[in-house]
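Residue-level listing of the chains:
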Amino acid sequence: NEYISFRENHGSQDKHWTKLGSSFKSGFEIGFAFSSVSILTIFVSYCVPWTRLNKRKRNKVMMKSPLMASLIARQDNKRKEANMQISKFEKLIRRVSFEAIKKATASFDRDNVIGVGKTGTTYKAALPYDCFTAVKRLHNNSHSENRFMSELMMLSRFRHINLVPLLGICTESRERILVYKYMPNGNLYDWLHNLRPVKGETKILDWHIRVKITLGIARGLSWLHSYNAFQIAHLKISSSCILLDKYFEPKLSNFGEAMLISCTDNSSVNSKFWETAFVKEDVRGFGVVLLELITGVDFSNMTDSSNSILNERIDHLLSSSNSYSVIDKSLIGQGFDAEIFQMLKVACNCVDSIPDRRPTMLQVYEDIKAIRERCEQVNDSDMLMQPEVLPVPSENSTVEIEIAES
Ligand SMILES: Nc1ncnc2c1ncn2[C@@H]1O[C@H](COP(=O)(O)OP(=O)(O)OP(=O)(O)O)[C@@H](O)[C@H]1O
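Predicted, not measured: the structure shown is a model, and the values here were computed from it. (Residues numbered from 1 in each chain as written. Predicted model: local features only at pLDDT ≥ 70, side-chain atom pairs only at ≥ 80, totals over all residues.)

**Here's the deal with the overall build of the protein chain**
Of regular secondary structure, the protein chain possesses ten helices and twelve strands. Split into buried and exposed, the 406 residues of the protein chain put 27% on the buried side. A sequence separation of at least 24 residues applies to 68% of the contacts in the protein chain between residues at least 6 apart. (Helix = DSSP H or I, 4+ residues; strand = E, 2+ residues; numbered from the N terminus. Buried ≥ 20, exposed ≤ 12 C-beta atoms within 10 Å, placed from the backbone. Contact = placed C-beta atoms within 7 Å.)

Written out as structure tokens, the structure reads:
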């Protein structure tokens, strides 16, 4: 009995100790968690600002280090050199104040963005001296600086109906801004690939407009290639760098990679090399745009460094047994099929894989004009024979899809 009562006493004591142990354990856990959170809070509120401050101090020391100082000095020198270069064009181009541009774009408001490129962002702006302008604010890096200088060199000196007019520049502080005339019909790429809905519906460019655009690009390029004292190669011809004014007159833009040679200076570049490597590259670019205008195919994602994917796609397209299957469906059966096939032939010559076999832009321009005149004559005589046929609008006529400049 004594043994039993001893066991019972001990059993209740054991239970008591176990209970005490577990409540101590949970109390310890809560206490530990609470103190950890407090320590962490203290660390964040006190130590992080200190580390930031130290980092700032370190940066200040770095700024004062000779290496950093020489880098800054070199950058400043480069900027001074660039500013000296820019001042050479002072007489040719108007300077616009940063304040005026800021006001015209509502402080570079997102709603005014009309294009975002690798070198900067383009905004629509209403500057006082021109109805509307497009201002390209470039990023602050060497690539953008090169683009700025190239656009300035080309577009301040050379003016032509088929080049986008550069109206002004802004170089205040570290800003590099180009001010162009605003082109209300945007770029050709968006028109050809239905990215320009007008009042909710997409509009298609008819054949007359496409011919007008083709002629304008050919005129602009042949002018650049055979300008008297200089020759310019654009080197980036594509449908996205062709802007359209309110009458769909095409304007070449994006001269960031253009090259210029002086024809009076014989030693500058070997003329044969210049012709093959640069000028004929523009002819090829024009050929691709013409193919895009005729077929409606988007070739922009097919360009690799060697152009091999694009070449393959073009070869495949042109080897099609059914020629009609190649043509943009919206153009077939409108009475221009013969003209479209003649234009297709011109495009094929321009994209010849051997640069020397490609025609010059002047030849292309003459060919397109001749095709146009021949077809207009045929259409005119058709009209005399069949008075019920609607007259063909002339090349300069404005069309219904013209959009107000606002
Ligand atoms: N003068 C202009 N008028 C109307 N729209 C313009 C004008 N300039 C540019 N844009 C619009 O902005 C777009 C972008 O133009 P941008 O010159 O920045 O070409 P990008 O090739 O995108 O430039 P990046 O060389 O920086 O990549 C154009 O495709 C066009 O839609």
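**Remarks on the confidence of the model for the protein chain**
On average, the protein chain scores 80 in pLDDT, and the residues at 70 or more come to 75%. Within the model, the stretch residues 383-406 combines pLDDT values under 50 with 21 contacts to residues more than four positions away or in other chains. Across the interface, the model reports ipTM at 0.98; the global pTM reads 0.75. (pLDDT = per-residue confidence, 0-100.)

**So, the site of the ligand**
In the region of the ligand, 20 residues are neighbours, and G115, G117, T119, A134 and M183 sit closest. Counting residues per element, the ones that place at least two in the shell around the ligand are strand 2 (113-116), strand 3 (120-125) and strand 4 (133-138). The class makeup of the residues in the shell around the ligand is seven nonpolar, eleven polar and two charged. (Near = placed C-beta within 6 Å. Nonpolar A, V, L, I, M, F, W, Y, C, P; charged D, E, K, R; others polar.)

**Details of the nonpolar core**
A218, F286, L290 and V364 are the most contacted members of the largest nonpolar core, which totals 73 residues. If one sorts the elements of this core by residue count, helix 7 (residues 271-295) sits on top with ten residues. Sequence-distant contacts of A218, that is, excluding residues within four places in its chain, are made with F286, M361, V364, Y365 and I368. (Core = buried A, V, L, I, M, F, W, Y, C linked by C-beta atoms within 7 Å.)

**Things to note about the packing of helix 6 (residues 207-225) against helix 7**
The contact between helix 6 and helix 7 brings their axes to 11 Å, and the two run at 175°. Relative to helix 7, the element helix 6 is oriented roughly antiparallel. Within the contact between the two elements, helix 6 uses R210, I213, T214, I217, A218, L221 and H225 and helix 7 uses V279, D282, F286, V289, L290 and L293. Residues of the contact of helix 6 with helix 7, tallied by class, amount to nine nonpolar, two polar and two charged. (Axes fitted to C-alpha atoms, helices over the stretch in contact; angles between N-to-C directions. Parallel < 35°, antiparallel > 145°, perpendicular 65-115°, else oblique.)

**Observations concerning the UniProt feature "binding site: ATP" (unreviewed entry) in the protein chain**
Mapped onto this numbering, the UniProt entry annotates "binding site: ATP" (unreviewed entry) at K136. Tracing the chain through its elements places K136 in strand 4. A residue is classified by how many C-beta atoms lie within 10 Å of it, and K136, with 23 of them, is buried. (UniProt positions renumbered as here; feature names shortened; annotations may be inferred.)

**Points about the sheet that holds strand 2**
One open sheet holds the six strands; their spatial order is 1-5-6-4-3-2, and the pairing between them is mixed. The open sheet terminates on both sides in strands that have one partner only, identified here as strand 1 (94-95) and strand 2. Pairing of strand 4 with strand 6 (residues 177-181), which is carried by five bridges, proceeds in the antiparallel orientation. Counterpart to K136 in the pairing with strand 6 is L178. (Pairing = 2+ DSSP bridges.)

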